[in-house]
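The residues making up each chain are set out below.
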2 protein chains.
Amino acid sequence: MKEFTVCPDPDDARLTRRVAGVDQEGRSIETAVVVERPLTLFLNGQEIVTMMTIGDHPRYLAVGYLLNQNMLRADDEITAIDHDDELETVVVRTKRKTDFEKKLRKKTLTSGCAQGTVFGDLMEKFEEIRLDPEAILKTSWLYALTRKINTAPSLYLAAGAIHGCVLCEEDRPLLYMEDVGRHNAIDKIAGYMHLEGIPAAGKIFYTTGRLTSEMVIKTVQMRIPILISRSGFTAWGVDLARQAGLTLIGRAKGKRFIALSGERRIVFDADPAAIGEEGAHSRRKASVAEDAA
Amino acid sequence: MKEFTVCPDPDDARLTRRVAGVDQEGRSIETAVVVERPLTLFLNGQEIVTMMTIGDHPRYLAVGYLLNQNMLRADDEITAIDHDDELETVVVRTKRKTDFEKKLRKKTLTSGCAQGTVFGDLMEKFEEIRLDPEAILKTSWLYALTRKINTAPSLYLAAGAIHGCVLCEEDRPLLYMEDVGRHNAIDKIAGYMHLEGIPAAGKIFYTTGRLTSEMVIKTVQMRIPILISRSGFTAWGVDLARQAGLTLIGRAKGKRFIALSGERRIVFDADPAAIGEEGAHSRRKASVAEDAA
């Protein structure tokens, strides 16, 4: 699979809008902002949820959401996915009768980014999962990945206020999805992997968002043994990562990073001194978008 | 009301935990991470939701959540608020019989930070609200506020991975609340204002998080006419702000900011050139927490 098989398309006119305003000097400016639109998800005729999304991959988002919520099993046969752009709906149909109604009853709102509704038995499979103990992460890969991801054209660089998730292998970013919530971005990758038959073996997951319990649970459910973020940790995220044996790396910026779980998978083959601090060219955060405003 | 009447308490041992890990050199380190704990909210015996929160102000969070979801009306008489630390529950009791069941039926998961569940009729009051047209924001206030907020001791500076919301008046930060989700931080401020009788008149709201539709809706519901963030915008957030006549300022860092709605309230009394770029001393984002690791 080649680098950036899927990547953001900042030129897609549907995903951002130019709006007028003023800057700190009172001068008129125009800037790009990301668009969020509703998408109502149905599973076999039952309304599940309305999500706010940039709307670029409704089919992958729908399937990934259902998989990550355990509403769809890996062996469920999907008979149709009908997306209606005008009605803002996506309907996933399966051969097996699904048991989502019970799942919908108990919901926990998590602390990650919205749609962070984790239904009651999301944890039911978590405890059974064995992540690949042989997987490794070379620090040279980590540095190459963060450099490539930060400099790839993206809605983030064009408009800010958006999260990115990237499925990687060794030093290659493969699938780079963005969305207003990082939960949507990770769900779109889960849906892509399922529908396109991409195995989890040997994969590494990168997110721009915080390492909350929800991100850890979803990464583990996707059977990916390594999760990297440029943002920080929450205590529950660390606890769950340790329980599952997930390698959890946060605050990855420039030469720096911290691993708080699964450190044994890390191979320190790069010299951090040769990497240096994060330069302005690869710095995420609204600075770039501001300059573009 | 004096500056920082409420402010973060990074020394509260319940709110962070020290965890061990390794850094980029493979050296053992110890770092602080924020704790998230469940809190299940009941309204008059009916379970509403389980929230993930740092848990520092359960009573304010409970009342603010219910107010911002329109499950509690401003004139509802609260007869009791029972918080049970061990059971991780908070029960709000009112004189009037509440009609939340209908509200619970239709839910939209928004793109902001989790608990971003916006119930169906959250918008029902939005369109009726008239924000104070006479309110102003001097840019000298804005610069003073961001400087004071960024340098105040906080869980953010101690552990990262947390959002902050601040209720301000002129150049004074009054209530500074943090939480794993910015929706919790804003709800805690709404609850404090309601229970302690703090009027919205003359207030300015500051958030570290993105200016999503949810943040705009809640600010407007709280009758606060000015919303400032160091983060970026979403298109729907801008649309709603314009509809409500909310002054919406984003990407406020150092001397820079952009206003995309309600620009007429801004009084440009400061010289941005005298402010300069954001210095390392006041830079938010995990850099400081990293250095502390």
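Just so we're clear, the structure is a prediction, and the values are computed from it rather than from any experiment. (Residues numbered from 1 in each chain as written. Chains lettered and ligands numbered in written order. Predicted model: local features only at pLDDT ≥ 70, side-chain atom pairs only at ≥ 80, totals over all residues. Heavy atoms only, no water.)

**Q** Mind laying out the overall build of chain A, listing which residues take part and the relevant values?
**A** Counting its secondary structure elements, chain A contains nine helices and 16 strands. The buried share among the 293 residues of chain A stands at 63%. Counting contacts in chain A only where the partners sit at least 6 residues apart, residues at least 24 apart contribute 56% of the total. Total accessible area on chain A stands at roughly 10,500 Å², and carbon and sulfur atoms take up 48% of it. (Helix = DSSP H or I, 4+ residues; strand = E, 2+ residues; numbered from the N terminus. Buried < 20%, exposed > 50% of the residue type's maximum accessible area, 1.4 Å probe, protein only. Contact = heavy atoms within 4.5 Å. Areas by Shrake-Rupley, 256 points an atom, 1.4 Å probe, with all protein chains shown as cover.)

**Q** Account for the sheet that holds strand β10 (residues 163–169) of chain A, naming residues and giving values.
**A** The sheet built from eight strands is open, its strands ordered β11(A)-β10(A)-β12(A)-β13(A)-β14(A)-β15(A)-β1(B)-β2(B) with mixed pairing. Because the sheet does not close on itself, it has two edges, and the strands there are β11 (172–179) of chain A together with β2 (28–34) of chain B. The sheet shows a mean angle of 30° between the axes of neighbouring strands, taken without regard to direction. As paired elements, strand β15 (residues 256–261) of chain A and strand β1 (residues 16–23) of chain B share two bridges and run antiparallel to each other. Residue pairing for β1(B): Ile258(A) is matched across the bridge by Asp23(B). Along the sheet, helix α3 (residues 139–151) of chain A contacts β10, β11, β12 (203–207), β13 (226–229), β14 (247–253) and β15 of chain A; its crossing angle with β11(A), the most-contacted strand, is approximately 45°. The strands that helix α5 (residues 182–196) of chain A touches are β10, β11 and β12 of chain A; relative to β11(A), the one it contacts most, it runs at about 130°. (Pairing = 2+ DSSP bridges. Axes fitted to C-alpha atoms, helices over the stretch in contact; angles between N-to-C directions.)

**Q** So, the side chain of Thr31(A): which residues are in play, and what are the values?
**A** Inspection of the secondary structure assignment puts Thr31(A) in strand β2 (residues 28–34). Accessibility expressed as a relative area gives 2% for Thr31(A), which makes it buried. Within polar-contact distance, the side chain of Thr31(A) engages the side chain of Arg251(B) at 2.8 Å. (Polar contact = N/O pair within 3.5 Å; in protein donor to acceptor, adjacent residues only side chain to side chain.)

**Q** Could you give an account of the packing of helix α1 (residues 58–68) of chain B against helix α5 (residues 182–196) of chain B, naming the residues involved and the relevant values?
**A** All names here are of chain B. Contact pair α1 / α5: the axes reach a minimum separation of 6 Å and the direction vectors enclose 95°. Between α1 and α5, the crossing angle belongs to the class labelled roughly perpendicular. Between α1 and α5, the residues in contact are Arg 59, Tyr 60, Leu 61, Val 63, Gly 64, Tyr 65, Leu 67 and Asn 68 and Asn 184, Ile 186, Asp 187, Lys 188, Ala 190, Gly 191, Tyr 192, His 194, Leu 195 and Glu 196, respectively. Of the residues assigned to the contact of α1 with α5, the class counts are nine nonpolar, five polar and four charged. (Parallel < 35°, antiparallel > 145°, perpendicular 65-115°, else oblique. Nonpolar A, V, L, I, M, F, W, Y, C, P; charged D, E, K, R; others polar.)

**Q** Give me unusual backbone geometry: which residues, what numbers.
**A** Residues and elements named next belong to chain A. Despite not being glycine, Arg 223 has its phi angle at roughly 65°, a positive value. By secondary structure assignment, the location of Arg 223 is in the loop between α6 (213–221) and β13. Taking relative accessible area as the criterion, Arg 223 reaches 43% and is therefore assigned partly exposed.

**Q** Tell me about the confidence of the model for chain A, and name the residues and values.
**A** Caution is warranted with low-pLDDT regions, since their predicted coordinates should not be read in detail. Residues and elements named next belong to chain A. Model confidence for chain A is summarised by a mean pLDDT of 88, while 86% of its residues fall at 70 or above. Across residues 286–293 the pLDDT falls below 50, and counting only partners more than four positions away or on other chains, this stretch makes 19 contacts in the model. With pTM at 0.88, the complex prediction returns an ipTM value of 0.85. (pLDDT = per-residue confidence, 0-100.)

**Q** Tell me what's going on with helix α1 (residues 58–68) of chain A, and back it up with residues and numbers.
**A** All names here are of chain A. Of all 11 residues that make up α1, 10 are buried, and the element is covered over most of its length. Listed as buried for α1 are Pro 58, Tyr 60, Leu 61, Ala 62, Val 63, Gly 64, Tyr 65, Leu 66, Leu 67 and Asn 68. One or two steps after α1, the chain reaches Asn 70, where phi turns positive at roughly 60°.

**Q** Which residues make up the sheet that holds strand β12 (residues 203–207) of chain B, and what are the values?
**A** Pairing within the open sheet is mixed, and its eight strands lie in the order β2(A)-β1(A)-β15(B)-β14(B)-β13(B)-β12(B)-β10(B)-β11(B). Taken across any chain shown, the strands that pair with only one partner, and hence form the sheet edges, are β2 of chain A together with β11 (172–179) of chain B. Direction aside, the axes of adjacent strands within the sheet are offset by 30° on average. As defined by bridge partners, strand β1 (residues 16–23) of chain A adjoins β2(A) across seven bridges and the pair is classed as antiparallel. In the sheet register, Gly21(A) faces β2(A), and the bridge partner there is Ile29(A). Packed onto the sheet, helix α6 (residues 213–221) of chain B meets β10 (163–169), β12, β13 (226–229) and β14 (247–253) of chain B and runs at close to 145° relative to β13(B).

**Q** Report on the pattern of salt bridges, specifying residues and quantitative values.
**A** All names here are of chain B. By the definition in use, this model includes 30 salt bridges over all chains. Measuring nitrogen to oxygen at the nearest pair gives 3.1 Å for the salt bridge that ties Glu 30 to Arg 18. Remark: Arg 18 occurs in strand β1 and Glu 30 occurs in strand β2; sequence separation between them is 12 residues. Accessibility expressed as a relative area gives 42% for Glu 30, which makes it partly exposed. (Salt bridge = Lys/Arg side-chain N within 4 Å of Asp/Glu carboxyl O.)

**Q** Break down the pairing of β2(A) for me, citing the residues and quoting the values.
**A** Along β2(A), five of the seven residues are buried, which leaves the element largely enclosed by surrounding structure. Hairpin connection of β1(A) to β2(A): four residues between the antiparallel strands, including Gly26(A) at a positive phi of 85°.

**Q** Break down the state of the cysteines for me, with residues and values.
**A** Every disulfide links exactly two cysteines, by a covalent bond between their sulfur atoms. Residues and elements named next belong to chain A. The tally for this structure, following the rule as stated, stands at zero disulfides over all chains. Of all cysteine sulfurs in the structure, the one in Cys 168 sits closest to Cys 7, which takes part in no disulfide; the separation is 13 Å. Looking at Cys 7, the relative accessible area reads 40%, which means it is partly exposed. (Disulfide = S-S within 2.5 Å.)

**Q** Hey, could you go over the pairing of strand β6 (residues 89–94) of chain A for me, with residue numbers and the actual values?
**A** Residues and elements named next belong to chain A. Burial of β6 is extensive: five of the six residues sit out of reach of the surface. As judged from the four bridges shared by strand β3 (residues 37–43) and β6, these two strands associate in the parallel manner. The residue bridging Leu 43 from the neighbouring strand is Val 92, located in β6. Looking at chain direction, strand β5 (residues 78–84) and β6 are connected through six bridges and run antiparallel. Looking at the pairing, Ile 78 lines up with Thr 94 of β6. Once β5 ends, the chain turns through four residues before running back antiparallel as β6, passing Glu 88 with a positive phi of about 60°.

**Q** Break down the packing of aromatic side chains for me, citing the residues and quoting the values.
**A** Residue and element names in this part refer to chain A. If you walk through the whole model with that rule in mind, you get eight aromatic pairs over all chains. Here Tyr 143 and Phe 257 contribute two aromatic rings whose centre-to-centre distance is 6.4 Å and whose plane-to-plane angle is 55°, an arrangement assigned as tilted. One end of the pair, Tyr 143, is in helix α3; the other, Phe 257, is in strand β15, with 114 residues separating them in the sequence. The burial state of Tyr 143 is the same as that of Phe 257; both residues are buried. (Phe/Tyr/Trp six-rings, centres within 6.5 Å; stacked < 30°, edge-to-face > 60°.)

**Q** Lay out the environment of Arg230(B) with the relevant residues and their values.
**A** Residues and elements named next belong to chain B. Relative to the assigned elements, Arg 230 resides in the loop between β13 and α7 (235–244). Classification of Arg 230 as buried rests on a relative accessible area of 2%. For the pair Arg 230 and Lys 253, spaced 23 residues apart in sequence, the C-alpha separation works out to 5.8 Å.

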